Amino acid sequence: MGLEIFACTPGVTTSNEFWSKEILNSAGVHAPLTVEVVWRGQELRDLCMTIRQVRIEAGDSDIVVIVPVRNSRVVTDLRSVYTNAVWQIDLAGQNWSSPGWRTFGDVAVDPAMEPGSPVVRRFLSLVLGPSTGGPTSTEQAMYFAAVAALRSDAIRGHVGAAICDAEGEVLAVGANEVPKAGGGQYWVDDSRDGRDRARFGFDFATSERNRDFEDVLEWLIEVGELPEERLAAIRAEVQQRLRSARLPRVLHGKARGRAVHAEEAALLSAARRGVSVRDSQLFTTQLPCHVCLRHLVAAGISRICYLRGSETHELDYRHGDAVTLGESDTNSRVPLITFTGIAPRGYTRLFGKTPDEQRTDEGFWKIFEEAICGQPHDIM
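Here's what I pulled together on the structure shown here. These figures come from a predicted structure and were not determined experimentally.

## Observations concerning the overall build of the protein
A count of helical and extended segments in the protein gives 14 helices and twelve strands. In the protein, buried positions account for 45% of the 380 residues. Residue pairs at least 24 apart in sequence account for 68% of intrachain contacts in the protein once pairs closer than 6 positions are excluded. Carbon together with sulfur atoms contributes 50% to the accessible area of the protein, which is approximately 19,400 Å² in total.

Printed below as a string of structure tokens:
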């Protein structure tokens, strides 16, 4: 096994005792050394020096390093040095606060993180020990949704959705993208590209949001609540703040864009081809918005599984009569659940390569580590 680094993102336990027990109970792993590296705003060099020291002390032992992560750049930096030795562990449904965070983790674990968790145990057996297990139908369906998201060129971000039957067979997929005349959405090789990036060079929803803000400022001046001489300073300040992750709800602009949302695109794709989606399941890389959720319910979708998103309270308030958060104990409401299991990134790493190809090339990352730490890589 050599070295494996588990980057635990916010909400995932970093208890040394928890991981020691789980690792020792994993198939094919015998007494590895588990070390916790606490991330306290260290520079990458300091973190690499700490990991290197752990390896020196461990000698020839197999090592698992647990790194609490509070900033998305830490995972990126770790991957730049230790490449495939780094595994990102996310909390199910987690939303990162870091602006621009787009990367899926390798596995999504349940918030409870109980000892003996089937998801954790299976992930560890796949990473640390010999395992012949393939993906579950749920993991494959979410992977299809993530692959569909790659089709999108939306400036705000890429979302994908997949509709599957009860056996996990794909019925339709969709991505958030601008619709085109005649049905469907634009492709990069269409003779006429009408997507936002090509047609406008900016995100249409963001433009409308900024216009809404300007309209509010002008209205405040008209009613005498805002001195006109302060307009320029306030405009500059708030325009800067509009780029932040936290915005007033009125300025989200979610329904102001031109793109068809991924869930809607999947439903429309099935409708164009005459495929019934009644009693099927929908998998999406992002929590459905209110508009999409009502369409999914009306279409007869029996189960909705999302990879990322945490604003479920509003959906529960609006659609609590038709949707239930978590698995339903009756057939009267549609369960809206968070995905747990091997996530899209881990899917390709664990199921797309042979066991030999999964192994980290230690020669390379030791060279990278030496360059960062400024010390020779003489550890076997």
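## Some thoughts on unusual backbone geometry
Here Thr83, not a glycine, exhibits a phi torsion of approximately 45°, which is positive. The residue Thr83 is located in the loop between α3 (72-82) and β4 (86-91) in this model. In this structure Thr83 comes out as partly exposed when scored by relative accessible area, which is 29%.

## Re empty space enclosed by the protein
Taken as a whole and assessed by the stated rule, the structure comprises two cavities of 30 Å³ or more. When its volume is computed, the second largest cavity comes out at roughly 30 Å³. Around the second largest cavity, the lining residues are Trp39, Leu44, Leu47, Val74, Asp77 and Leu78. Every element with two or more residues in the lining of the second largest cavity is listed here: α2 (44-58) and α3. Looking at the lining of the second largest cavity element by element, the count peaks at three residues for α3.

## Quick word on the sheet that holds strand β7 (residues 170-175)
One open sheet accounts for six strands, arranged β7-β6-β8-β9-β11-β10; its pairing is mixed. Only two strands of the sheet have a single neighbouring strand rather than two, namely β7 and β10 (323-325). When strand polarity is set aside, the average angle formed by the axes of neighbouring strands in this sheet is 20°. Sheet topology places strand β9 (residues 303-306) next to strand β11 (residues 334-338); three bridges connect them, and they run parallel. Of the residues in β11, the one forming a bridge with Ile304 is Leu336. Helix α9 (residues 262-272) rests against β6 (160-164), β7 and β8 (281-284) of the sheet, and its axis sits at about 135° to β7.

## Structural notes on the nonpolar core
Side chains that are nonpolar tend, in soluble globular proteins, to be buried together. In this structure, Ile5, Leu78 and Tyr82 are the most contacted members of the largest nonpolar core, which totals 25 residues. The set of elements that each furnish at least two residues to this core consists of β1 (3-8), α2, β3 (63-68), α3 and α14 (362-373). Among the elements that make up this core, the one with the highest residue count is α2 (six residues). Setting aside anything within four residues of it in sequence, one finds Leu78 in contact with Ile5, Leu44, Leu47, Ile51, Val67, Thr83 and Val86. Counting residues in each nonpolar core, the second largest holds 23 residues, with Phe18, Val109, Leu124 and Leu350 among its members.

## Some thoughts on the pattern of salt bridges
Taken as a whole and assessed by the stated rule, the structure comprises eleven salt bridges. With a shortest N-O distance of 2.3 Å, Arg55 and Glu369 are connected by a salt bridge. Here Arg55 is found in helix α2, whereas its partner Glu369 is found in helix α14, with 314 residues between them in sequence. Among the residues examined, Arg55 registers a relative accessible area of 4% and is labelled buried. Using a relative accessible area of 0% as the deciding quantity, one classes Glu369 as buried. Salt-bridge contacts for Arg197 lead to Asp153; the nearest nitrogen and oxygen are separated by 3.0 Å. Within this pair, whereas Arg197 is found in helix α6 (residues 196-199), its partner Asp153 is found in the loop between α5 (137-149) and β6, the two being separated by 44 residues in sequence. When salt bridges with common partners are traced through the structure, they connect Asp106, Arg345 and Arg349 into a single cluster.

## Looking at the sheet that holds β1
Read across the open sheet, the six strands follow the order β2-β3-β1-β4-β5-β12; overall the sheet is mixed. Each edge of the open sheet is held by one strand with a lone partner, namely β2 (33-36) and β12 (341-342). Where β1 lies against β3, six bridges are found, and the strand directions are parallel. Bridge pairing in β3 links Cys8 to Pro68. Of the strands in this sheet, β1, β2, β3 and β4 are in contact with helix α1 (residues 16-24), which crosses β2 at around 155°. Across the face of the sheet, α2 comes into contact with β1, β2 and β3 while running at roughly 155° to β3.

## Details of the pairing of β11
Regular strands show a simple pattern: their side chains alternate between the two faces of the sheet. The element β11 is extensively covered by neighbouring structure, given that four of its five residues are classed as buried. Relative to β11, β10 is paired through three bridges, and the arrangement is parallel. When the bridges of β11 are listed, Leu325 appears paired with Leu336.

Each value, and the rule that gives it
- Positions within a chain are numbered from 1, following the residues in the order the chain's sequence is written.
- Only residues with pLDDT of 70 or above have their local features reported here, since the model is predicted, and side-chain atom pairs are shown and tallied only from 80 upward, although totals for entire chains, interfaces and linings are computed over all residues.
- Side-chain numbers come from the whole structure's heavy atoms, not from hydrogens or water.
- Only DSSP runs of H or I with at least four residues qualify as helices, and only runs of E with at least two residues qualify as strands; both kinds are numbered from the N terminus onward.
- For every residue, the accessible area (1.4 Å probe, protein chains only) is compared with the maximum for its type, and the residue is labelled buried under 20%, exposed over 50%, or partly exposed between those bounds.
- Contacts are residue-level and defined by heavy atoms, with any inter-residue pair within 4.5 Å sufficient.
- Accessible areas in this description were obtained via Shrake-Rupley with a 1.4 Å probe; residue shielding takes into account the shown protein chains only.
- Points on a 1 Å grid, built from protein atoms alone, make a cavity when a 1.4 Å probe fits but cannot get out and make a pocket when they are open with protein on both sides within 12 Å along at least 5 of 7 lines; residues with an atom within 4 Å of a point are the lining residues.
- Grid points are joined across faces, edges and corners, and a volume is the space filled by probe spheres set on the points.
- Should DSSP find at least two bridges between two strands, the strands are regarded as paired.
- The axes used here are C-alpha line fits, helices contributing only the stretch in contact, and every angle between their N-to-C directions lies in the interval 0 to 180 degrees.
- Only buried residues count toward a nonpolar core. Its members are Ala, Val, Leu, Ile, Met, Phe, Trp, Tyr and Cys residues joined through side-chain atoms within 4.5 Å.
- For this analysis, a salt bridge means a side-chain nitrogen from Lys or Arg found within 4 Å of a carboxyl oxygen belonging to Asp or Glu.

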